[in-house]
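Summary of the model geometry
One letter stands for each residue in the lines below.
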Amino acid sequence: MTAPARPTRLKLPAVALALLLACLAGLALPSYMNTMTPAGIVIHHTAVTTLGDGSPLDIEALDRIHERRGYGAFYWGRTYHIGYHYLILPDGTVQRGRPERLRGAHAQGFNDSVGVCLVGNFSSALNPNGERGLAEPTGAQMRALARLCRDIQGRYRIPPERVRLHKDVNPSTECPGDRLSADGLLSELAAAARRPE
């Protein structure tokens, strides 16, 4: 009778194991340092709605624009350039940018908030007649924005008063413009927060 064969164990030399651990640490440390628990939501507009060739702005195009501006954060094996976490297109489609737990690059001092950006230029001063694209948010965008904000608030227990416009946290900008009226949105979010679950 023969003894059962023992499973063979792969033996890594100490140097190979040290290199493997160093590689894993090289991935984990920057990712860990870029990780956040969202403290709020900051709402933006893109200020441009098309690219130089006339093609519409979307998440991939915005990522390339932000890459040229030098934005970028390494997060669990991938570099994200786009500074926002979400982009809302004129038809209400919500496109995901960087992961929600990856620190943003959209509002200095408030990058621990989820950045949500709507495609359009909602400033009456910079886009008085709509020559620079969508002059006010569409109903579909505002409905998508309200749904998205409620979802994010629910996931991270963000109170309505922490949902802000970019200009509320940075007085040197008028983003997302005076034509994005947040009063109705903020009232809706406050009412939703008061409703029993």
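Let me sum up the structure you'll find in this document. Only a predicted model underlies this, so the values are computations on that prediction, with no experimental measurement involved. (Residues numbered from 1 in each chain as written. Predicted model: local features only at pLDDT ≥ 70, side-chain atom pairs only at ≥ 80, totals over all residues. Heavy atoms only, no water.)

Summing up its helical and strand segments, the protein chain has five helices and seven strands in all. In the protein chain, the succession of helices and strands from N to C terminus is α-β-α-β-β-β-β-β-α-β-α-α. Within the protein chain, the proportion of its 197 residues that are buried is 40%. Surface accessibility of the protein chain: about 11,500 Å² in total, with carbon and sulfur atoms responsible for 55%. (Helix = DSSP H or I, 4+ residues; strand = E, 2+ residues; numbered from the N terminus. Buried < 20%, exposed > 50% of the residue type's maximum accessible area, 1.4 Å probe, protein only. Areas by Shrake-Rupley, 256 points an atom, 1.4 Å probe, with all protein chains shown as cover.)

Let's shift gears to the packing of aromatic side chains. All chains considered together, the criterion is met by one aromatic pair. Ring geometry for Tyr-75 and Trp-76: centres 6.4 Å apart, planes at 70°, overall edge-to-face. (Phe/Tyr/Trp six-rings, centres within 6.5 Å; stacked < 30°, edge-to-face > 60°.)

Before going further, it helps to examine the sheet that holds strand S6 (residues 114-118). Overall, mixed pairing links the five strands, which are arranged S5-S4-S6-S1-S7 in an open sheet. Both outer strands of the open sheet, strand S5 (94-96) and strand S7 (163-165), are each paired with one neighbouring strand and no more. Here the average twist between neighbouring strands, direction ignored, is 25°. In terms of strand pairing, strand S1 (residues 41-45) meets S6 through five bridges, oriented parallel. Along S6, the bridge assignment pairs His-45 with Leu-118. (Pairing = 2+ DSSP bridges. Axes fitted to C-alpha atoms, helices over the stretch in contact; angles between N-to-C directions.)

With omega at 5°, the peptide bond leading from Cys-175 into Pro-176 counts as cis. Structurally, the position occupied by Pro-176 is in the loop between helix H4 (166-169) and helix H5 (183-194). Even without a glycine there, the phi angle at Ala-47 is positive, about 75°. Among the structural elements, Ala-47 can be located in the loop between S1 and helix H2 (59-68).

With that out of the way, let us pick up the packing of helix H3 (residues 139-156) against H5. Packing of H3 against H5 leaves a shortest axis separation of 11 Å and a crossing angle of 35°. Viewed along their axes, H3 and H5 form a crossing whose handedness is right-handed. Seen from H3, the contacting residues are Met-142, Leu-145, Ala-146, Cys-149, Arg-150 and Gln-153; seen from H5, they are Leu-185, Glu-188, Leu-189 and Ala-192. Here the residues of the contact of H3 with H5 are counted per class, giving seven nonpolar, one polar and two charged. (Left-handed = near helix turned anticlockwise from the far one by under 90°. Contact = heavy atoms within 4.5 Å. Nonpolar A, V, L, I, M, F, W, Y, C, P; charged D, E, K, R; others polar.)

Before going further, it helps to examine the environment of Pro-99. Structurally, Pro-99 is set in the loop between S5 and S6. In contact with Pro-99, other than residues within four places in its own chain, are Tyr-75, Tyr-80 and His-85.

Before going further, it helps to examine the state of the cysteines. Counted according to the given criterion, the structure contains zero disulfides. The thiol of Cys-117 is unpaired, and the distance to the nearest cysteine sulfur, on Cys-175, comes to 6.5 Å. (Disulfide = S-S within 2.5 Å.)

Compared with the 26 Å implied by 1.5 Å per residue over 18 residues, the 26 Å span of H3 between its first and last C-alpha is a close match. Residues of H3 that are buried: Ala-140, Gln-141, Ala-144, Leu-145, Ala-146, Leu-148, Cys-149, Ile-152, Gln-153 and Tyr-156. Buried residues belonging to H3 abut S1, strand S4 (86-88), S5, S6, S7 and H5. Backbone geometry just downstream of H3 places Arg-157 in the positive-phi region, at approximately 55°. (Expected span 1.5 Å × (residues − 1).)

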